[in-house]
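Understanding the architecture of this molecule
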Amino acid sequence: ELAQRMSERAVDVVKYFMKQGQILKPGDVIDADTAELIAVEFGHTVRRVAESDIEEGLFDVADRPEDMEPRSPVVTIMGHVDHGKTSLLDAIRNANVVSGEAGGITQHIGAYQVEKNGQKITFIDTPGHAAFTAMRARGAQATDIAILVVAADDSVMPQTIESISHAKAAGVPIIVAINKIDKPSADPQKVRTQLLQHEVFVESMGGEVLDVEVSATKGTNLDKLLEAILLQAELLDLRANANRTAEGVVIEAKLDKGRGSVATVLVQTGTLLVGDIVVAGNEWGRVRALVDDHGEHVKEALPATPVEILGLQGTPQAGDRFAVVTNEARAREITEYRQRLARDKAAARHVGQRGSLEHMMSQLQSSGLKEFPLVIKADVQGSVEAIIAALDKLGTDEVRARIVHAGAGGITESDVSLAETSGAAMIGFNVRANPQARQAAEQAGIDIRYYNIIYNLVDDVKAAMSGLLSPER
Ligand code: GDP
């Protein structure tokens, strides 16, 4: 790599080392001082920069308040399986197809926009909290408002509770859509009451969470739901600066046979233009074309607009952030740095201990944090409650357990990503992690702790909280 950067042959660099009596093996790392010596020896001038400087100024360029203009809200639909998330997304889309579109056919690009009272709303087309959290795990937050779908003929279910935890962890306000009210067995009031237990207080129960009774299949009250979204958006006072280079997040990306790499991005600030040079995750490219959610080519995309980018050299990942840069050289420099970082991270993975109780405790101590975040899964609801009650008692003035999420059932990938994004320890009580969750935990360097005796669990958390945790048993 050093040879390449100096435009020298690698064998010459290796030979130089040999002359010094040092044999390099592939994968060996040389330190910065040595690299500098060699570069000078080969007749190059060295300028030392911190590697992280490479990305400086790429994201979060400060905007002046007067440049910030109102933007549309971005919404994700969450809830338990079969409660009607997909049906609701489809119903909203179909009810708002712009007239003149051939047969009302819209393009599925991963997100779409509808218009209500002259205002736009952007929907992320992948329902559920898995995608939402996967994005957060990659450092991106695309969603402003979460629609929590609960079927009125059913009740608050495990994934309903998970969705609530995920939205709360992300600080995203919830609007409750009580669905399937066309069904004779529908009991919306029961849903509202059950939600109280999970600290979702809808307006009629004295809270501030908006709720709307809908039927996705009959199309009932979809207007009301859109109005509630606009109302919530107004409270959030969402703004962005359109007069600058674009930044945003990758919603989905694929390799298309005919079109090459196609990435659907959500522009979050600035205006994305055809011809812009874009860095997205570890990939870059010059925007050859922009395609909107109606399959039409557009010249630009404004904040809160989803759009397909054609022209990237590789395929980024959902949740990657993207930004426009000034030239190709910079795009190359950044993506090469990131690819290198990704390789290093992969190499360091097996020693990663990010989610272990010991490591977390030392981090908590050094950061002066007063809360000990936990994600807990247990075999039955009764165990969940017993564990929470026991942990509640542990709190002292200095440190207390904060339950990010607790639920009955096996440990899933979504639990792991929630633990990852909220910096929480992952605990299983009388349950195991499924293979996907295990793999995700390994990748994220999260250590899952298993227990079958509440006393041991509480004891470990207590020890971790007091910084006295004994080495792993
Ligand atoms: P998802 O798993 O949350 O995406 O749920 P789906 O949208 O796939 O819906 C699950 C089932 O519920 C499907 O058979 C839908 O037809 C049905 N369903 C969805 N919304 C409604 C509704 O408002 N009323 C009735 N009666 N059925 C619905």
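Because the structure is a prediction, the values reported are computed rather than measured.

**Overview of the site of the ligand**
What surrounds the ligand is a group of 15 residues, the closest being D82, K85, T86, S87 and D182. For the ligand, an oxygen atom lies 3.0 Å from a polar atom in the side chain of K180. Coverage of the ligand by the protein amounts to 72% of the 580 Å² it exposes when considered alone. Per-element tally for the shell around the ligand: the top contributor is helix α4 (residues 85-95), with 3 residues. Looking at the shell around the ligand residue by residue, the classes come out as 2 nonpolar, 8 polar and 5 charged.

**Brief notes about the pattern of salt bridges**
Enumeration according to the criterion identifies 21 salt bridges in this entry. Notably, a salt bridge pairs R244 with D63, separated by 3.4 Å at the nearest N-O pair. Within this pair, whereas R244 is found in the loop between β8 (239-240) and β9 (247-256), its partner D63 is found in the loop between α3 (32-41) and β1 (69-70), the two being separated by 181 residues in sequence. Connected via shared salt-bridge partners are D63, R244 and E247.

**Looking at helix α8 (residues 222-236)**
Since there are 3.6 residues in each turn of an α-helix, residues three or four apart along the chain are aligned in direction. Helix length check: α8 (15 residues) gives 21 Å between terminal C-alpha atoms against 21 Å at 1.5 Å per residue, within 8%. Considered for burial, the residues of α8 that qualify are L222, L225, L226, A228, I229, L230, Q232 and A233. Two residues or fewer after α8 comes D237, characterised by a positive phi angle close to 50 degrees.

**Here we look at the sheet that holds strand β20 (residues 425-429)**
As summarised here, the arrangement of the 4 strands in space is β19-β18-β20-β21, forming an open sheet in which the pairing is parallel. What marks the edges here is a single partner per strand, and that holds for β19 (400-408) and β21 (448-451). Across the sheet, the mean angle from the axis of one strand to that of its neighbour is 25 degrees, orientation sign disregarded. Both strand β18 (residues 371-378) and β19 contribute to a ladder of 8 bridges, which runs parallel. Bridging from a neighbouring strand, P373 pairs with R402 of β19. Running at roughly 150 degrees to β19, helix α6 (residues 158-170) makes contact with β18 and β19 of the sheet. Taken strand by strand, helix α11 (residues 381-394) contacts β18, β19 and β20, and its axis lies near 180 degrees from that of β19.

Thresholds applied
- Residues numbered from 1 in each chain as written.
- Predicted model: local features only at pLDDT ≥ 70, side-chain atom pairs only at ≥ 80, totals over all residues.
- Heavy atoms only, no water.
- Near = heavy atom within 4 Å.
- Polar contact = N/O pair within 3.5 Å; in protein donor to acceptor, adjacent residues only side chain to side chain.
- Areas by Shrake-Rupley, 256 points an atom, 1.4 Å probe, with all protein chains shown as cover.
- Helix = DSSP H or I, 4+ residues; strand = E, 2+ residues; numbered from the N terminus.
- Nonpolar A, V, L, I, M, F, W, Y, C, P; charged D, E, K, R; others polar.
- Salt bridge = Lys/Arg side-chain N within 4 Å of Asp/Glu carboxyl O.
- Expected span 1.5 Å × (residues − 1).
- Buried < 20%, exposed > 50% of the residue type's maximum accessible area, 1.4 Å probe, protein only.
- Pairing = 2+ DSSP bridges.
- Axes fitted to C-alpha atoms, helices over the stretch in contact; angles between N-to-C directions.
- Contact = heavy atoms within 4.5 Å.

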